[in-house]
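Summary of structural features
What follows is each chain in one-letter form.
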Amino acid sequence: MTYVLGLTGGIATGKSTVAAEFRKLGCPVVDADEIAREIVEPGRPALRKIEAAFGPTVIRPDGTLDRKSLGDLVFNDPEKLNTLNAIDHPYLRAAITDALAAAIATGAKVVVGEIPLLYETHYEGSFDGVAVVTLPPIMQLERLMARDDLTREAAQARIAAQMPLEEKIARADFLIDNSQGPAMRRAQCQELLGQLAG
Ligand SMILES: CC(C)(COP(=O)(O)OP(=O)(O)OC[C@H]1O[C@@H](n2cnc3c(N)ncnc32)[C@H](O)[C@@H]1O)[C@@H](O)C(=O)NCCC(=O)NCCS
Ligand SMILES: Nc1ncnc2c1ncn2[C@@H]1O[C@H](COP(=O)(O)OP(=O)(O)OP(=O)(O)O)[C@@H](O)[C@H]1O
């Protein structure tokens, strides 16, 4: 039996870094951010709907989505974010479900679904358990500002666009503390895998 583990957390708490660790340890990982980029490739229906809803300024001259421009719009306006979610999420859900089924079909003992909005979009039912990657709020803000070259205000707006990390922590089945270095991260992933696959 495969154990299907959901992996989530706040923005920039380190989900992708932790997912990379699980990959190294042999687990197939389904990455919702990657799938979210695929469903808005040129020619896809979601991209046409986004252009119709947000106008031509969110499309680059080469026909691809201008992610920075759309991000600036939606992360500063909850109504616009709702509009984007209503367009994207049905396509996302279908693609994530297919990708998880394919990963489970490999027969791996543990399959990981890295889903930033796992709780916000009620994906809990797709998983046997959920691990939340945690970080003190000040470190989350600093890592987000540094990684995406955002001002404090822009970073705070992105954090505020998600369910508070505290609430995700309260719902979690497992916690992975990413405030320390790679050795501690690896040890926690190994321990969790041992628990799940054992
Ligand atoms: C708005 C977009 C174009 C901004 O692109 P950008 O390259 O700047 O960010 P990226 O996609 O790498 O996302 C970075 C992080 O932002 C957060 N985030 C992304 N989308 C959302 C959202 N709809 N609501 C809240 N937080 C979000 C997540 O923590 C994600 O890991 C992009 O995030 C997007 O298309 N979002 C809608 C799709 C979605 O819901 N993705 C989340 C998958 S669960
Ligand atoms: N233990 C750590 N120590 C220092 N920096 C770290 C650590 N783990 C991750 N980072 C850095 O923090 C930033 C956020 O990490 P990562 O991109 O994995 O977060 P994420 O949760 O996947 O983000 P998003 O929600 O945007 O997808 C990155 O720049 C990453 O290199």
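Remember, it's a predicted structure, so these values are computed and weren't measured experimentally. (Residues numbered from 1 in each chain as written. Chains lettered and ligands numbered in written order. Predicted model: local features only at pLDDT ≥ 70, side-chain atom pairs only at ≥ 80, totals over all residues. Heavy atoms only, no water.)

A count of helices and strands for the protein gives 9 helices and 5 strands. The helix and strand sequence of the protein, counted from the amino end, reads β-α-β-α-α-α-α-β-β-α-α-α-β-α. Computed over its C-alpha atoms, the radius of gyration of the protein comes to 17 Å, within 12% of the 16 Å expected for a compact globule of 198 residues. The C-alpha extent of the protein, read off along each of the three principal axes, is 50 × 40 × 25 Å. The buried share among the 198 residues of the protein stands at 45%. Taking the intrachain contacts of the protein between residues at least 6 apart in sequence as the baseline, contacts between residues at least 24 apart amount to 72%. Counting every atom, the protein has about 10100 Å² of accessible surface; 55% of that belongs to carbon and sulfur. Charge separation in the protein, taken as the distance between the mean sites of 21 positive and 27 negative side-chain charges, equals 3 Å. (Helix = DSSP H or I, 4+ residues; strand = E, 2+ residues; numbered from the N terminus. Rg over C-alpha atoms; globule rule 2.2 N^0.38 Å. Buried < 20%, exposed > 50% of the residue type's maximum accessible area, 1.4 Å probe, protein only. Contact = heavy atoms within 4.5 Å. Areas by Shrake-Rupley, 256 points an atom, 1.4 Å probe, with all protein chains shown as cover. Lys, Arg positive; Asp, Glu negative; His and termini not counted. Charge placed at Lys NZ, Arg CZ, Asp CG, Glu CD.)

Turning next to the pairing of strand β3 (residues 110–114). With 5 of 5 residues buried, β3 is to be regarded as a mostly interior element. Neither face of β3 is exposed, since Val110, Val112 and Glu114 on one face and Val111 and Gly113 on the opposite face are all buried. Both strand β1 (residues 3–9) and β3 contribute to a ladder of 5 bridges, which runs parallel. Counted as the bridge partner of leucine 7 is glutamate 114 from β3. The sheet contact formed by strand β2 (residues 29–31) and β3 spans 3 bridges and is parallel. In the strand pairing of β3, aspartate 31 is matched with glutamate 114. (Pairing = 2+ DSSP bridges.)

Right, let's get into the UniProt feature "binding site: ATP" (unreviewed entry) in the protein. UniProt marks Ala12, Thr13, Gly14, Lys15, Ser16 and Thr17 with the feature "binding site: ATP" (unreviewed entry), using the numbering shown here. Topologically, glycine 14 is positioned in the loop between β1 and α1 (15–24). Those residues in contact with glycine 14, other than ones at most four positions away along the chain, are Val133 and Asn178. Among the secondary structure elements, serine 16 is positioned in helix α1. (UniProt positions renumbered as here; feature names shortened; annotations may be inferred.)

This part takes up the site of ligand 2. The environment of ligand 2 is made up of 14 residues, and the closest members are Lys15, Ser16, Thr17, Arg147 and Gln180. Take arginine 143: an N or O atom from its side chain is 3.1 Å from a nitrogen atom of ligand 2. Contact distances for ligand 2 include 2.7 Å between an oxygen atom and a side-chain N or O atom of arginine 147. Here ligand 2, which alone exposes 640 Å², has 73% of that area covered by the protein. (Near = heavy atom within 4 Å. Polar contact = N/O pair within 3.5 Å; in protein donor to acceptor, adjacent residues only side chain to side chain.)

Looking now at unusual backbone geometry. At alanine 12, a position not held by glycine, the phi torsion is positive, near 65 degrees. With respect to the element layout, alanine 12 can be found in the loop between β1 and α1. On the basis of relative accessibility, which here comes to 13%, the residue alanine 12 falls in the buried class. One non-glycine residue, histidine 122, lies in positive phi territory at about 60 degrees. Mapped onto the secondary structure, histidine 122 falls in the loop between β3 and β4 (129–134).

Further remarks concern the sheet that holds β3. Reading across from one edge, β2-β3-β1-β4-β5 is the order of the 5 strands in this open sheet, with parallel pairing throughout. For this open sheet the edge positions go to β2 and β5 (174–177), each flanked by a neighbour on one side alone. Ignoring which end each strand starts from, the neighbouring axes of this sheet average 25 degrees apart. In terms of strand pairing, β1 meets β4 through 5 bridges, oriented parallel. (Axes fitted to C-alpha atoms, helices over the stretch in contact; angles between N-to-C directions.)

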